[in-house]
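A structural walkthrough
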Amino acid sequence: MKKSNRRSFLTTAAMIGTGAATSALADAPLKKQLVHHVFFWLKNPGSVTDRDKLVEGVKTLSKIETIRKIHVGVLASTEKRDVVDTTWDVSELMFFDDTAGQKVYQDHPIHQEFIKNYSHLWSKVVVYDAMEA
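Residues numbered from 1 in each chain as written. Predicted model: local features only at pLDDT ≥ 70, side-chain atom pairs only at ≥ 80, totals over all residues. Heavy atoms only, no water.

1. Details of the packing of aromatic side chains
- Tallied over the full model, the rule gives seven aromatic pairs.
- Pairing F96 with Y105 gives two aromatic rings, centres 5.4 Å apart and planes at 45 degrees, and the pair type is tilted.
- With relative accessibility at 0%, the residue F96 sits in the buried group.
- Among the aromatic residues, ring-to-ring pairing joins F40, F114, Y118 and W122 into one connected group.
- For K124, the ring lying beneath its charged end belongs to W41, and the centroid distance is 4.3 Å. (Phe/Tyr/Trp six-rings, centres within 6.5 Å; stacked < 30°, edge-to-face > 60°. Buried < 20%, exposed > 50% of the residue type's maximum accessible area, 1.4 Å probe, protein only. Lys NZ or Arg CZ within 6 Å of the ring centre and 35° of its normal.)

2. Notes on the pattern of salt bridges
- For the coordinates displayed, the defined rule picks out four salt bridges.
- D52 is the partner of R51 in a salt bridge, and the nearest nitrogen-oxygen pair spans 3.0 Å.
- Looking at R51, the relative accessible area reads 28%, which means it is partly exposed.
- On the accessibility criterion, D52 (39% relative accessible area) is partly exposed.
- In this structure, the salt-bridge partner of R68 is D97, at a minimum N-O distance of 2.8 Å. Remark: D97 occurs in the loop between β3 (90-96) and α3 (99-107) and R68 occurs in strand β2 (residues 67-74); sequence separation between them is 29 residues.
- A relative accessible area of 47% places R68 in the partly exposed class. (Salt bridge = Lys/Arg side-chain N within 4 Å of Asp/Glu carboxyl O. Helix = DSSP H or I, 4+ residues; strand = E, 2+ residues; numbered from the N terminus.)

3. Thoughts on helix α2 (residues 48-60)
- With 13 residues, α2 should cover 18 Å at 1.5 Å per step; its first-to-last C-alpha distance of 19 Å lies within 8% of that length.
- When α2 is considered as a whole, its buried residues turn out to be D50, L54, V55, G57 and V58. The buried residues of α2 occupy an angular sector of 165 degrees when the element is viewed end-on, so they sit on one face.
- In the core, the buried residues of α2 are packed alongside β1 (34-42), β2, β3, α4 (109-118) and β4 (122-131). (Expected span 1.5 Å × (residues − 1). Arc of directions from axis to C-beta. Contact = heavy atoms within 4.5 Å.)

4. Section: the environment of D98
- Along the polypeptide, D98 turns up in the loop between β3 and α3.
- D98 sits 33 residues away from M131 along the chain, and the two C-alpha atoms are 8.2 Å apart.
- Here G101 takes part through its backbone nitrogen, which lies 2.8 Å from a polar atom of the side chain of D98. (Polar contact = N/O pair within 3.5 Å; in protein donor to acceptor, adjacent residues only side chain to side chain.)

Here it is as structure tokens:
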């Protein structure tokens, strides 16, 4: 195959593939997920030991079957601005298929065990639950 014919063939094939993928995505129903974002403030602010222990505990929650994705975080060293809250120590960000899945998580024995075993580490917890718009 000549170089120009091969290039033309590859370009056409890529465009057809992209079109097919775009069409498939357009036809697929969009699933709106529930996002559960929790921020923890430590009783001993600045304690790396307590922070790491809490992170360890939050990560145990990943075993709950209705959690689709989990992100466990600590404060990032980003630019300090008035709109950025830097007072918290540990966060968890979870994605659920729906409110029923989030309810399973709330009542799950692993979550209840987490609260029992790690609540002594935090002084404050703030939760933000949001459905995808």
